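So the chains spell out like this:
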Amino acid sequence: MRFRYHLDSLIRLARLKFLIYSPVMFTIGTLSAFAQSPERFSPLKYVGGLLFVYATHIMTHFFNDYYDRHTDAFNIGASAWTGGSRVLPEGRMQPETALWLGRAMMLFALTISCFPPFAEARIFAWATVFFAWAYSAPPLKLEARGLGEFTVALVLNTLVPILGCSMQGGSIVDPHFLGVLAPLVIIEYVRMMVMNMADVEADIRVGKTTLVVRLGLKRAIVVHRVGLALAYATVLIALVWGLSPLTAFCLWIPLPFGYWLCKRLAHPVWISDNPFWASQHNGLSMLMGLVGLGLHHWERFDIRALLLTYPLVVILFVAPKMIAGGRILLSAPVPTVMAEERTAA
């Protein structure tokens, strides 16, 4: 029983549900390289890259829980999507254990990056590990300096797909590749703002000056709206640069969802569950970017490209649980916290 207890704590600390995003972005980069030069595609490099991305993503969660443990202890409004895993505040694990687990995953990721499949992209792999670590770890503590949104968008939506593309020998300046990344970077940025909106009271208590704390809740909501509008407008610009209409259409599919999210976010009584909706919108946008890229390059693929459907299989596996969670939130009564109290933050 004790082993099961510790295993459950470790799984919670890893926050596996957030690991859906990184393989999608990595596959977007790999898919772009495959379309550019199908003969250069290496399944081994793809699998090795996925292993590295997973290790780095889990490393980030371990470090975040350790360095944010004081903030998380004050976060009485924590949810399944914000406030950390709650493993440390609940006393299920010693803080030092989380720290050493993060260091072990960092060593594992760096070790993987030293193998030959990473020869053409090692600098991007190391940059990914560095900024993922610096997100919450001193001395940089980028999130606490108001750079958390920028850091996540840089790592997850920029460096990870660039790593996937460069490992397969693809061009990272391909117009179609960049046209897909541009709106996803912005959507990720404002999605992280929503995540920090839910934690704003706890962050203020411990003096953690995230971007939302610096802006205040009202202005942060305005920035979120402007950011989403800019993201979808970027698709129009990308069309001029060479993005195919089919891919653009796929990227626009989540637009009604984004509009609904903006309207919901305008009423701060919903801020505690909006991280769930912002995360689903973010994930759907990534998925549509991957699908749009695949449909555009459909004729260039062969049987080996089936390996690149891996993220779709994962999403199909977790989708029923996500849909069930969304239904529960939609059926819940309106929170009693007054909007004036939340917007005053």
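Residues numbered from 1 in each chain as written. Predicted model: local features only at pLDDT ≥ 70, side-chain atom pairs only at ≥ 80, totals over all residues. Heavy atoms only, no water.

1. A closer look at the packing of aromatic side chains
Across all of its chains, the model carries 14 aromatic pairs by this definition. Between Tyr66 and Tyr67, the ring centres sit 4.9 Å apart and the planes meet at 80 degrees, which makes this aromatic pair edge-to-face. Judged by its relative accessible area of 12%, Tyr66 falls in the buried class. Taken together, the ring pairs connect Phe18, Trp81, Phe257, Trp260, Phe276 and Trp277 into an aromatic cluster. Seen from the ring of Tyr66, Arg69 lies directly overhead, with NZ or CZ sitting 4.2 Å from the centre. (Phe/Tyr/Trp six-rings, centres within 6.5 Å; stacked < 30°, edge-to-face > 60°. Buried < 20%, exposed > 50% of the residue type's maximum accessible area, 1.4 Å probe, protein only. Lys NZ or Arg CZ within 6 Å of the ring centre and 35° of its normal.)

2. Comments concerning the packing of helix H2 (residues 21-36) against helix H14 (residues 274-296)
Relative orientation of the contacting elements H2 and H14 amounts to 20 degrees, with a least axis distance of 10 Å. Between H2 and H14, the crossing angle belongs to the class labelled roughly parallel. Crossing handedness for the pair H2 and H14: left-handed. Judged by residue contacts, Tyr21, Val24, Met25, Thr27, Ile28, Leu31 and Ser32 of H2 engage Ser279, Asn282, Gly283, Met286, Leu287, Gly289, Leu290, Leu293 and Gly294 from H14. Within the contact of H2 with H14, the residues separate by chemical class into nine nonpolar, seven polar and no charged. (Axes fitted to C-alpha atoms, helices over the stretch in contact; angles between N-to-C directions. Helix = DSSP H or I, 4+ residues; strand = E, 2+ residues; numbered from the N terminus. Parallel < 35°, antiparallel > 145°, perpendicular 65-115°, else oblique. Left-handed = near helix turned anticlockwise from the far one by under 90°. Contact = heavy atoms within 4.5 Å. Nonpolar A, V, L, I, M, F, W, Y, C, P; charged D, E, K, R; others polar.)

3. Here we look at the confidence of the model for the protein
For the protein, per-residue confidence averages 92 on the pLDDT scale, and 96% of positions sit at 70 or higher. Between residues 338-345, whose pLDDT stays under 50, and residues either more than four places distant or in other chains, the model counts 17 contacts. (pLDDT = per-residue confidence, 0-100.)

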